[in-house]
Amino acid sequence: MNTSSLGTALITGASSGIGAVYADRFAKRGHDLILVARNRERLEALATRLAADAGRSVKVIVADLNDKAALARVEQVLRTDASITVLVNNAGIAMSGDLASADPDRLESMIQLNVLAPSLLALAVIPGFVVRGSGTLINISSVLALAPERFNGSYSGTKAYLLNLSLRLQQEVAGNGVRVQVVLPGATRTAIWEKSGTDIATLPPSMLMDVDEMVDAALVGLDRGESVTIPSLPDIADWEAYEAARQNMIPKLSLSFPAARYGITAD
Ligand SMILES: NC(=O)c1ccc[n+]([C@@H]2O[C@H](COP(=O)([O-])OP(=O)(O)OC[C@H]3O[C@@H](n4cnc5c(N)ncnc54)[C@H](OP(=O)(O)O)[C@@H]3O)[C@@H](O)[C@H]2O)c1
């Protein structure tokens, strides 16, 4: 049963790290919650705490989003539960190292979880948002979308995918009352590092943000109507200059003739 006038926030990867903090914050804001991840014990412990602390309805869906049938169950909830007003596409894994030494199974799982799952979940929720004229999709990308030289290229590629998807979706839903925010966290103190084979102690502390502060900043960005939120970036003018340079190139990126510098002339 929906008990909140703000509706329900469905958060993937809510059993730890960034997703668990989003769950806490949306409950405190007055949303009911649906928490999705694989670890039932952690999800249920969080659900019990948040239901008691915030007095909200908190359901859990234990689902491996790399399992087609489990993913379909979550998609079905997103398609049919009209109380859902927020989807946080947060579940993700990383991998460190180079492509040449990558474990192919982990590479496949990462691309499925970081790319396919959020795409299908967005596809499941957006049409309902558009019909209802409201709803918020938050996609958790990464600053690595802009800095592939800094980490595993496949991981940063999955995050660039989410950035691209979000930028296009923002255009698609413009004027429908639907929000799409893409969040680009820098290195954030969560278990993802250890799970991906990187000792967090090797990261310069000056580059590492606490997860509560990261999510709180992202939510301020959401409240301010930002479509792209980069919690670490001191001066938003830097992003705006990057965007302006990109926008300037767009009309020139596909023309019927090669650029003069290549010296190719038509027959
Ligand atoms: N931490 C950072 O430095 C950082 C920076 C930029 C972006 N991000 C992004 O932030 C997101 C959250 O990461 P985090 O840092 O909070 O890491 P985390 O603490 O490891 O959390 C990842 C979450 O995803 C869930 N998950 C993993 N595999 C799953 C699967 N197959 N099916 C369903 N759920 C799954 C995990 O839960 P279960 O294990 O219970 O399934 C967990 O709740 C990721 O998309 C990550 O790429 C993180």
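Quick caveat, the model's predicted, so the values are computed rather than measured.

What counts and how
Residues numbered from 1 in each chain as written. Predicted model: local features only at pLDDT ≥ 70, side-chain atom pairs only at ≥ 80, totals over all residues. Heavy atoms only, no water. Patch = residues over 30% accessible without salt bridge, like charges linked within 9 Å, V, L, I, M, F, W, Y side chains within 5 Å. Areas by Shrake-Rupley, 256 points an atom, 1.4 Å probe, with all protein chains shown as cover. Salt bridge = Lys/Arg side-chain N within 4 Å of Asp/Glu carboxyl O. Helix = DSSP H or I, 4+ residues; strand = E, 2+ residues; numbered from the N terminus. Axes fitted to C-alpha atoms, helices over the stretch in contact; angles between N-to-C directions. Parallel < 35°, antiparallel > 145°, perpendicular 65-115°, else oblique. Left-handed = near helix turned anticlockwise from the far one by under 90°. Contact = heavy atoms within 4.5 Å. Nonpolar A, V, L, I, M, F, W, Y, C, P; charged D, E, K, R; others polar. Near = heavy atom within 4 Å. Polar contact = N/O pair within 3.5 Å; in protein donor to acceptor, adjacent residues only side chain to side chain. Pairing = 2+ DSSP bridges.

Peer 1: What should I look at first to understand a nonpolar patch on the surface in this one?
Peer 2: A surface patch of nonpolar side chains, about 300 Å² in accessible area, is lined by Met249, Ile250 and Leu253. Turning to its location among the elements, Leu253 is positioned in the segment after α8 (236–249).

Peer 1: It is not clear to me how the packing of helix α1 (residues 17–29) against helix α2 (residues 40–54) should be interpreted in this structure. Could you clarify?
Peer 2: Each pair of packed helices gets described by two things: the angle between the helix axes and the distance between those axes. Between α1 and α2, whose axes approach to 9 Å, the crossing angle comes to 25 degrees. One finds that α1 runs roughly parallel with respect to α2. Crossing geometry of α1 relative to α2 is assigned as right-handed. Residues Ala20, Ala23, Asp24, Ala27 and Lys28 of α1 pack against Leu46, Arg49, Leu50 and Ala54 of α2. Split into classes, the residues belonging to the contact of α1 with α2 amount to six nonpolar, no polar and three charged.

Peer 1: Help me out: how do you make sense of the pattern of salt bridges in this one?
Peer 2: Two side chains with opposite charge may pair up if their charged atoms get near one another. Under the counting rule described, the total for this entry stands at 13 salt bridges. Between Asp210 and Arg189 there is a salt bridge, with its nearest N and O atoms 2.8 Å apart. On the criterion of sequence distance, the pair formed by Asp210 in the loop between α6 (192–195) and α7 (211–223) and Arg189 in the loop between β6 (178–183) and α6 is long-range, its members being 21 residues apart. One continuous salt-bridge network, built from bridges that share partners, spans Asp24, Arg25, Lys28, Arg49, Asp53, Asp212 and Asp216.

Peer 1: Looking at this model, I keep getting lost on the site of the ligand. Mind explaining?
Peer 2: By nearness alone, 31 residues border the ligand, and Arg38, Asn90, Tyr155, Thr190 and Lys195 come closest of all. One of the side-chain nitrogen or oxygen atoms of Asp64 is found 2.9 Å away from a nitrogen atom of the ligand. Between a nitrogen atom of the ligand and a main-chain N or O atom of Leu65, the distance comes to 2.9 Å. Computed on the free molecule, the ligand has an accessible area of 880 Å², of which 96% lies beneath the protein chains in the complex. Among the secondary structure elements, those contributing two or more residues to the shell around the ligand are α1, α5 (153–173) and α6. Counting residues per element, the shell around the ligand draws most heavily on α6, which supplies three residues.

Peer 1: Can you walk me through the sheet that holds strand β5 (residues 135–140) in this structure?
Peer 2: Picture the strands of a sheet paired through backbone hydrogen bonds; they go either parallel or antiparallel. Here seven strands make up an open sheet; going across it, the order is β3-β2-β1-β4-β5-β6-β7 and the pairing parallel. The sheet is open, and its two borders are formed by β3 (58–62) and β7 (228–229), each paired with just one other strand. Both strand β2 (residues 32–37) and β3 contribute to a ladder of five bridges, which runs parallel. Looking at the pairing, Ile34 lines up with Lys59 of β3. Relative to the sheet, α2 contacts β2 and β3, its axis offset from that of β3 by approximately 175 degrees. Sheet strands touched by α7: β5, β6 and β7. Its angle to β6, the strand with the most contacts, is close to 145 degrees.

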